[in-house]
Structure formats: structure tokens, C-alpha cells
Amino acid sequence: DQQVKQNSPSLSVQEGRISILNCDYTNSMFDYFLWYKKYPAEGPTFLISISSIKDKNEDGRFTVFLNKSAKHLSLHIVPSQPGDSAVYFCAARSYNTDKLIFGTGTRLQVFP
Amino acid sequence: NAGVTQTPKFRVLKTGQSMTLLCAQDMNHEYMYWYRQDPGMGLRLIHYSVGEGTTAKGEVPDGYNVSRLKKQNFLLGLESAAPSQTSVYFCASRRGLVVSYNEQFFGPGTRLTVL
């Protein structure tokens, strides 16, 4: 039972354009969402997060949108750069728990 | 500040052998986690700890044991390795339960192969 789903295993985007990575969840008790970025042979690194009381959070080129009614969040990267090429994981936390549930990841490739 | 470190980086075991993976963090974090990453499966939680001397089971705890004798260290043990435990193992730590401390910091990973 996959509570956090990233249905697109891969995405290819041209440099300078927008990258949109999607994530769906099923558990209505999730109250905090995070995006992590992972390069090969390295551990995941935190990118951006959003609380369920908000619908948007922005940090430089990265914006996360949350649609609670649809149980959907998305990560927008504008403009995309070759250094953004990595695997992106969506994660969610259930209210008052100590754990994160991760999606299966989306591999983003940004080409020149 | 080294952050989260993991030892070893690579290991090959034969079925039935045992080993311990060491995770250390120098950020004085309360919470520590062990995950495994398999192709197409994302990161799955094995065990975690909310403080020194405490441990709890995650999603996939079978075949693993953990100990948190010191706040800065979290050990993951495989008593009798099986080929199904071939994976990349990541350790992570987190400051505390307050919502603004939800970010987990990850180590570089240990690639384990069980033949």
C-alpha cells in the first residue's frame, strides 16, 4: 500500500525551461511534506518543504504547491539547470509521528 | 562539522554472515533513522530511535536489529545476512519533534551485497 506515489519514474526537460515533478498521497493525516534531491552515490539532501496549512512555498528557483483536496503536491523548478539532474523524492509526515513516508522517486534529466 | 557519516561505504557478505553498520552524527540530534533503498521502491524505514537508549520498528524491520547506546551513534546489525538484504542503506538524523525540525539529514550510504 503505497501512501506516497510518484507516478513518473523519469522526466526530461530542456535547460531554461520549467520542470514539474508530481506527487500524490492517500493519507489525509499527512500534515507536512518535503522534497529531497539525490545525486548518484550520495545521500538525499533536503530541498524544500511545505506545511499542510499552506498551499505554496517558494525558495529561489524551487516552488512547492500543495492541493489538499486533490491530495497532490508538485515541485516546480524554474529555470531548470543541468545541475538539477538528479532523483527527486517526495516525502510526507503523518501528524505527530516521528517518521517520513517516501515516494519512489522521479529521475530528472535537464539537457542543454 | 561532518554531519552524518556511515561506515563502511561498501561491503560484500556471504549468506549467513553477520555485520554491523555504523552511523554517527555530530549535530546533537535526538532522532536517528535507518533506511534501505531498492530500485523502484524508494526509501523504506527499517528502524529508528527517538533518543539515546530507545529504538522502534519501521516498515521493514525483519532481519535487522539496532542499538542506540550513545546519542551520536546508531548501529544497524544483520545477524544472518540474506540475498534479499542486498541494498543501499542510508542513515539519517533529525533535530527533534517540533514541526520545523522535520528535515532529516542523510549520510552518504552503505552499499551492501549479499551473495
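Relevant structure appears above.
What comes next is a walk through the structure. None of these values were measured; they are calculated from a predicted model.

## Observations regarding the side chain of Ser87 of chain B
Residue and element names in this part refer to chain B.
Piece 1. Here Ser87 shows up in strand β9 (residues 87-94).
Piece 2. A distance of 3.0 Å separates the side chain of Ser87 from the backbone oxygen of Gln37, its partner in a polar contact.
Piece 3. If we skip the residues at most four places from it in the chain, Ser87 touches Arg36, Gln37, Asp38, Thr110, Arg111 and Leu112.

## Considerations on the packing of aromatic side chains
The geometry of an aromatic ring pair is captured by the separation of the ring centres together with the interplanar angle, meaning the angle of the planes.
Piece 1. Applying the stated criterion to the full structure yields 12 aromatic pairs over all chains.
Piece 2. Here Tyr25 of chain A and Phe33 of chain A contribute two aromatic rings whose centre-to-centre distance is 4.7 Å and whose plane-to-plane angle is 40°, an arrangement assigned as tilted. Exposure class is identical for Tyr25 of chain A and Phe33 of chain A. Each is buried.
Piece 3. A ring pair is formed by Phe30 of chain A and Phe33 of chain A, whose centres lie 6.4 Å apart and whose planes are at 85°; its orientation type is edge-to-face. For the pair formed by Phe30 of chain A and Phe33 of chain A, the shared burial category is buried.
Piece 4. Members of the aromatic cluster, each reached through a chain of ring pairs, are Tyr36, Phe46 and Phe102 of chain A together with Tyr33, Tyr35, Tyr48 and Phe106 of chain B.

## Quick word on the sheet that holds strand β3 (residues 19-25) of chain B
Residue and element names in this part refer to chain B.
Piece 1. Taken in spatial order, the 4 strands of this open sheet run β1-β3-β8-β7, and their pairing is antiparallel. Two strands lie at the open edges of the sheet, namely β1 (4-7) and β7 (65-67), each paired on one side alone. For this sheet, the mean angle separating the axes of adjacent strands, direction not counted, is 20°.

## As for the interface of chain B and chain A
Piece 1. Taken residue by residue, the interface counts 22 residues in chain B and 20 residues in chain A.
Piece 2. Our count for the chain B to chain A interface comes out at 0 salt bridges.
Piece 3. If you look at where chain B meets chain A, you find 3 residue pairs in polar contact (both at pLDDT 80 or more).
Piece 4. Those elements giving two or more residues to the side of chain B that touches chain A turn out to be β4 (31-38), β5 (42-49) and β9 of chain B.

Cut-offs used in this document
Along each chain, residues carry numbers from 1 onward, in the same order as the chain's sequence is written. All chains are assigned letters beginning with A, and all ligands numbers beginning with 1, in the order in which they are written. In view of the model being predicted, local features appear only for residues whose pLDDT reaches at least 70, and side-chain atom pairs are presented and counted only at 80 or more, with totals across whole chains, interfaces and linings using the full set of residues. Here the side-chain values reflect all heavy atoms present in the structure, with hydrogen atoms and water set aside. Secondary structure counts use DSSP, requiring at least four H or I residues in a row for a helix and at least two E residues in a row for a strand, with both numbered from the N terminus. We call two N or O atoms a polar contact when they sit within 3.5 Å, provided that within protein one can donate a hydrogen and the other can accept it, with sequence-adjacent residues counted only if both atoms are side-chain atoms. We call two residues contacting when some pair of their heavy atoms lies within 4.5 Å. Note on aromatic pairs: the rings of Phe, Tyr and Trp (six-membered ring only in Trp) are paired at centre separations within 6.5 Å, and the planes decide the class, stacked below 30 degrees, edge-to-face beyond 60, tilted for the rest. Using a 1.4 Å probe on the protein chains alone, a residue whose accessible area is under 20% of its type maximum counts as buried, one over 50% counts as exposed, and one in between counts as partly exposed. Strands are treated as partners if at least two bridges between them are detected by DSSP. Helix axes are fitted to C-alpha atoms over the stretch in contact, other axes to C-alpha atoms as well, and angles between N-to-C directions run from 0 to 180 degrees. For this analysis, a salt bridge means a side-chain nitrogen from Lys or Arg found within 4 Å of a carboxyl oxygen belonging to Asp or Glu.

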